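Structural overview for review
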Amino acid sequence: MNETLLAIPLLSPFVEFSFMRRAFAGCLALSLGATPIGVLLMLRRMSLAGDAMSHAILPGAAIGYLIAGLSLPAMTLGGLAAGLAVAVLAGGVARNTVIGEDASLATFYLLSLSTGVLLISLRGSNVDLLHVLFGSVLALDDDALLLLAGFASLSIVALALAFRLFVLEASDPAFLNRVSRLGPLAHYGYLVLLVLNLVAGFHALGTLMAVGIMILPAAAARLWVGNVGPLLLVAVVVACCGSLAGLLLSFYLDLPAGPAIVLTLGAAYLVSLAVGPLGPLAGRWRSHRHFER
């Protein structure tokens, strides 16, 4: 049976090498947990905020690194604390000053990125810095996989229990605040899920790439379907297939795994942009057909 699987180019790396199986398992967990969070982030029209938040975890992870080295618990707890602190601070600045939420997040993004890089550079090497910024999906161990699976499970359960609440808060928060007192709970609950999944993505893809598996599949799926339920399903499928293709490209072409995965997901978005039924080209073609009739 194994010899048959080894003869299939798409399966042989995962059959032969355990690090490839671990990498795909980690990407699968991120696809199931982080990608639906990215769909909600896209519905909020705050996709760039995800990138800002992904860098917000860097100072906390860097402090954990300075204290305990490349320790999974220390960097996770530090990243969670920093991400949640920046989310609360950015929201407070946006609500109590004339500065908008996007500008507030951009400010904290720049401060967080520069502070995190500086802290890591004080003690670590360039290799450590690259590990933090670009991840090490091919070096995931059992503890990291359990962490990713735990965060993904928590996200799936939370979405299952409060799916309508999260969707309404993402699409029309003013209406939700008028008809229910659960608006703040949905808002901050979503921010917690966002930070959790960014921390999970940080361990696999690094702070610079973690948001890629959130936003790119969601954007690609949006060019194929319009309803939220199918949108979540298509986005998860795109994330899983893109991760698989990226790992294979990394293996056969000797490319860095994290950037290969994100570039593959980016290629899926560009293809969807060109041929997706809700993309600009398909919409223009439908308009021409309408005028011809």
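The structure reproduced in this document is the subject of the present report. The model shown is predicted, which means the values in this text are computed figures rather than measured ones.

**Let's talk about the pattern of salt bridges**
Per the counting criterion, the structure on display carries two salt bridges. Here Arg22 ties to Asp142 by a salt bridge, and the two come within 2.4 Å at their closest N and O atoms. Taken together, the positions of Arg22 in helix 3 (residues 18-43) and Asp142 in helix 9 (residues 142-161) put the pair 120 residues apart, joining distant regions of the chain. Since its relative accessible area comes to 28%, Arg22 is described here as partly exposed. Close ionic contact of Glu169 with Arg44 constitutes a salt bridge, the shortest N to O distance being 2.2 Å.

**Observations concerning a nonpolar patch on the surface**
On the surface, a cluster of nonpolar side chains totalling about 370 Å² of accessible area is made up of Leu249, Tyr252, Leu253 and Leu255. Turning to its location among the elements, Tyr252 is positioned in helix 14 (residues 228-253).

**Brief notes about unusual backbone geometry**
Although it is not a glycine, Asp254 adopts a positive phi angle of roughly 55°. Among the structural elements, Asp254 can be located in the loop between helix 14 and helix 15 (257-275). Using a relative accessible area of 70% as the deciding quantity, one classes Asp254 as exposed.

**Regarding the side chain of Ser112**
Among the structural elements, Ser112 can be located in helix 7 (residues 101-123). Its relative accessible area of 6% is what places Ser112 among the buried residues.

**Looking at the nonpolar core**
Buried together is how nonpolar side chains tend to be arranged in soluble globular proteins. In terms of nonpolar packing, the biggest core is built from 65 residues, with Met53, Val137, Leu194, Leu205, Met214 and Leu247 touching the most fellow members. Per element, the largest residue contribution to this core is twelve residues, and it comes from helix 12 (residues 183-205). Core analysis: the next-biggest nonpolar cluster, separate from the first, contains nine residues, Val39, Ala219, Val225 and Leu231 among them.

**Observations regarding the environment of Ala149**
Mapping Ala149 onto the fold places it in helix 9. Owing to a relative accessible area of 34%, Ala149 belongs among the partly exposed residues under this scheme. Counting along the chain gives 122 residues from Ala149 to Cys27, while the straight-line C-alpha distance between them is 10.0 Å.

Quick notes on the rules
- For every chain, the first residue of its written sequence is number 1, and the numbers climb from 1 along that sequence.
- Residues qualify for local features only when their pLDDT is at least 70, as the model is predicted, and side-chain atom pairs are given and counted only at 80 or more; totals for whole chains, interfaces and linings, by contrast, use all residues.
- Hydrogen atoms and water are omitted, and side-chain values are computed over all heavy atoms in the structure.
- Each salt bridge in this description consists of a side-chain nitrogen of Lys or Arg and a carboxyl oxygen of Asp or Glu lying within 4 Å of one another.
- A helix here means a DSSP run of H or I that spans at least four residues, while a strand means a run of E at least two residues long, and both kinds are numbered starting from the N terminus.
- The classification of residues rests on relative accessible area computed with a 1.4 Å probe and restricted to protein chains. Under 20% of the type maximum is buried, over 50% is exposed, and intermediate values are partly exposed.
- In this analysis, a patch consists of residues with relative accessible area above 30% that form no salt bridge, clustered at 9 Å for like charges and at 5 Å for the nonpolar side chains Val, Leu, Ile, Met, Phe, Trp and Tyr.
- Accessible areas in this description were obtained via Shrake-Rupley with a 1.4 Å probe; residue shielding takes into account the shown protein chains only.
- By nonpolar core we mean a set of buried residues, namely Ala, Val, Leu, Ile, Met, Phe, Trp, Tyr and Cys, connected to one another through side-chain atoms within 4.5 Å.

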